[in-house]
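Each chain, written out:
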Amino acid sequence: MNATTTRRPKALLLDGDPSLRLLATELLARGYEVRAARDAASGLELLLDELLDLDVLVVDRELPGRDGASLVRLVRDAGGERDLAIVVLADRPARAERAQLLALGADAVVDRVDGPRAAADVVVATRRRGERGWLGSAGPAVRGALLVARDAFAPRGLEPSPA
């Protein structure tokens, strides 16, 4: 990449609903390079693959295999960083639940009832990253913490995947 080329921001969308995932991906693709997964296991794999270049994480509160709150906690606790924007999609979240998600480190909570366009608008508004990427020099430590967490949640009987 030369000095006149700008990097397209990257979004990772984790949602179990295939129609919403497709529509949200299409909306986000207008401004982002989008990767998507349908469950927590494949989502963590993509998160690890894209870790250093990711700008925003969009996660379903009821993601198959892991709820959105625990995923937000995992990402935030892995390195304590706050530069990666995290948007949680939730069906009619109660005020207390919204407050809990924000306290855990989500930047925004979007009611799925408002539709994929509203989610895409919030994603654009919450993106807060610098040119160096959201991890800076903490990248290896955060990657290691996420690898340990991924392996801890692997189904029994399966060997953890190599780093």
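Nothing here was measured: the structure is a model prediction, and the numbers come from that model.

S.K.: In this structure, what is going on with the overall build of the protein chain? I would like to understand it.
M.R.: Across its full length, the protein chain carries 6 helices and 5 strands. When the helices and strands of the protein chain are listed from N to C terminus, the series reads β-α-β-α-β-α-β-α-β-α-α. Relative to its full complement of 163 residues, the protein chain shows a buried share of 47%. Of the contacts formed within the protein chain by residues at least 6 apart in sequence, a portion of 60% connects residues at least 24 apart.

S.K.: Which parts of the structure should I look at to understand the pairing of strand β1 (residues 10-14)?
M.R.: Consecutive residues of a regular strand have side chains that alternate between opposite faces of the sheet. Burial analysis of β1 places 5 of its 5 residues in the buried class, which makes it a mostly covered element. In β1, alternate side chains face the same way, and those of Lys 10, Leu 12 and Leu 14 on one face and Ala 11 and Leu 13 on the other are all buried. In the sheet, β1 pairs with strand β2 (residues 33-37) via 5 bridges, with the strands oriented parallel. Along β2, the bridge assignment pairs Leu 12 with Arg 35. In this fold, β1 hands off to helix α1 (residues 18-28), which returns the chain to β2; that crossover is right-handed. Here β1 pairs with strand β3 (residues 56-60) via 4 bridges, running parallel. Among the inter-strand pairings, Ala 11 is bridged to a residue of β3, identified as Val 56.

S.K.: I'm lost on α1 in this one. Help?
M.R.: For α1, the full list of buried residues reads Leu 20, Arg 21, Ala 24, Leu 27 and Leu 28. The arc enclosing the buried residues of α1, seen along the axis, measures out at 130°, which places them on a common side. Those residues of α1 that are exposed and angled more than 90 degrees off the buried face are Pro 18, Ser 19 and Leu 22. The inward-facing, buried residues of α1 abut β1, β2, β4 (85-90) and α5 (116-126).

S.K.: What is the right way to look at the pairing of β4 in this model?
M.R.: Within β4, 6 of the 6 residues are buried, which leaves the element mostly enclosed by the surrounding structure. In β4, alternate side chains face the same way, and those of Ala 85, Val 87 and Leu 89 on one face and Ile 86, Val 88 and Ala 90 on the other are all buried. Where β3 lies against β4, 5 bridges are found, and the strand directions are parallel. Within β4, the position partnered with Leu 57 by the bridge is Ile 86.

S.K.: Can you walk me through the pattern of salt bridges in this structure?
M.R.: For side chains of opposite charge, pairing can occur when their charged atoms come near one another. In the structure shown here, the tally under the stated rule is 12 salt bridges. Across the pair Arg 35 and Glu 50 runs a salt bridge, and its minimum N-O distance is 2.5 Å. Residue Arg 35 is found in strand β2, and its partner Glu 50 is found in helix α2 (residues 40-50); the two are separated by 15 residues along the sequence. Residue class for Arg 35 comes out partly exposed when judged on its relative accessible area of 32%.

S.K.: Mind showing me how you'd approach the side chain of Asp 111 here?
M.R.: In this fold, Asp 111 is placed in strand β5 (residues 108-111). Here Asp 111 occupies a buried position and makes no salt bridge, while the nearest side chain of opposite charge, Arg 98, is found at 5.3 Å. From its side chain, Asp 111 meets the backbone nitrogen of Val 113 in a polar contact 3.0 Å long. Setting aside residues no more than four positions away along its own chain, Asp 111 makes contact with Ala 90, Asp 91, Arg 92 and Pro 93.

About the criteria used
Residues numbered from 1 in each chain as written. Predicted model: local features only at pLDDT ≥ 70, side-chain atom pairs only at ≥ 80, totals over all residues. Heavy atoms only, no water. Helix = DSSP H or I, 4+ residues; strand = E, 2+ residues; numbered from the N terminus. Buried < 20%, exposed > 50% of the residue type's maximum accessible area, 1.4 Å probe, protein only. Contact = heavy atoms within 4.5 Å. Pairing = 2+ DSSP bridges. Right-handed = clockwise from strand over helix to strand, strands pointing away. Arc of directions from axis to C-beta. Salt bridge = Lys/Arg side-chain N within 4 Å of Asp/Glu carboxyl O. Lys, Arg positive; Asp, Glu negative; His and termini not counted. Polar contact = N/O pair within 3.5 Å; in protein donor to acceptor, adjacent residues only side chain to side chain.

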